[in-house]
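What follows is each chain in one-letter form.
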Amino acid sequence: MTRSPEISQTIFEDVKAVVVVTLDIEDQADDLGPETGLYGNLPELDSLTVVKLIVALQKRFGIEIEMEIVGDTFDTLGRLAAFVESKVRPERLREVEY
């Protein structure tokens, strides 16, 4: 199933919002884009907040995420959003649209 750019953008914005709230970085929200580095680049994102972020993403999107996925998945905000999008069921995508 090919997803439209609007849905991908919606998921990106939702993932970004979860990251911003979880890391308490509302003052940086406007500067975050797909290429923004996460783990190792944002001091607010340490091993404890990765766990909090995974839990928040699971709740927001109704998905299961294994705790071992930190590697490349948390490299950039775009990669994290793409990962979440790959986990979201097609019927769930319709609920995410605004």
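The shown structure was predicted, so the numbers you read here are calculated from the model rather than taken from an experiment.

Draft legend 1. Focus on the overall build of the protein chain. What the protein chain contains, in helices and strands, is five helices and zero strands. In sequence order, the secondary structure elements of the protein chain are arranged as α-α-α-α-α. Within the protein chain, the fraction of its 98 residues that count as buried is 44%. Here the contacts in the protein chain between residues at least 6 apart in sequence split such that 62% fall between residues at least 24 apart.

Draft legend 2. Layout of the pattern of salt bridges. Considering all chains together, one arrives at four salt bridges under this definition. As a salt-bridge pair, D14 and R60 come within 2.6 Å of each other at their nearest N and O atoms. One end of the pair, D14, is in helix 1 (residues 5–23); the other, R60, is in helix 2 (residues 47–61), with 46 residues separating them in the sequence. Where salt bridges share partners, they join D72, D75 and R79 into one cluster.

Draft legend 3. Just the nonpolar core, in detail. Residues V15, L57 and V84 are the most contacted members of the largest nonpolar core, which totals 28 residues. It is helix 1 that provides the largest number of residues to this core, a total of seven residues. Those residues in contact with V15 that sit more than four places away from it in its chain are L57, F61, L77, L80, A81 and V84.

Draft legend 4. Spotlight on a nonpolar patch on the surface. A cluster of nonpolar side chains, contributed by V51, V55 and M67, occupies part of the molecular surface with about 210 Å² of accessible area. Relative to the assigned elements, M67 resides in the loop between helix 2 and helix 3 (70–73).

Draft legend 5. Local environment of unusual backbone geometry. The phi torsion at D24 lies on the positive side, around 55°, for a residue other than glycine. Inspection of the secondary structure assignment puts D24 in the loop between helix 1 and helix 2. For D24, a relative accessible area of 57% gives the class exposed.

Draft legend 6. Here's a closer look at the confidence of the model for the protein chain. Residues of the protein chain with pLDDT of at least 70 account for 82%, and the chain-wide mean is 85. Mean pLDDT values for the elements of the protein chain range from 51 in helix 5 (residues 90–96) up to 94 in helix 2.

Draft legend 7. Here's a closer look at the environment of S8. Tracing the backbone through its elements, the reader meets S8 in helix 1. In the structure, S8 is positioned 73 residues away from A81 in sequence and 8.3 Å away in space, judged by C-alpha atoms.

Definitions and limits used
- Think of each chain on its own: its residues are numbered from 1, step by step along the sequence as written.
- At least 70 in pLDDT is required for a residue's local features to be given in this predicted model, at least 80 for side-chain atom pairs to be given and counted, and no such filter applies to totals for whole chains, interfaces and linings, which use all residues.
- As a convention, hydrogens and water are excluded, and side-chain values are obtained from all of the structure's heavy atoms.
- Secondary structure is summarised from DSSP: a helix means a run of H or I of at least four residues, a strand means a run of E of at least two, and numbering begins at the N terminus for each.
- Relative accessibility thresholds used throughout: buried, under 20% of the residue-type maximum; exposed, over 50%; partly exposed, between the two (1.4 Å probe, protein chains only).
- Should any heavy atoms of two residues lie within 4.5 Å, those residues are counted as being in contact.
- A side-chain nitrogen of Lys or Arg and a carboxyl oxygen of Asp or Glu constitute a salt bridge if their distance falls within 4 Å.
- Buried Ala, Val, Leu, Ile, Met, Phe, Trp, Tyr and Cys residues form a nonpolar core when they are joined through side-chain atoms within 4.5 Å.
- Without a salt bridge and with relative accessible area above 30%, a residue can belong to a patch; like charges are then joined within 9 Å and nonpolar side chains (Val, Leu, Ile, Met, Phe, Trp, Tyr) within 5 Å.
- Per-residue and other accessible areas follow the Shrake-Rupley method at a 1.4 Å probe size, with only the shown protein chains counted as cover for residues.
- Every residue gets a pLDDT, meaning the predictor's confidence in that residue, from 0 to 100.

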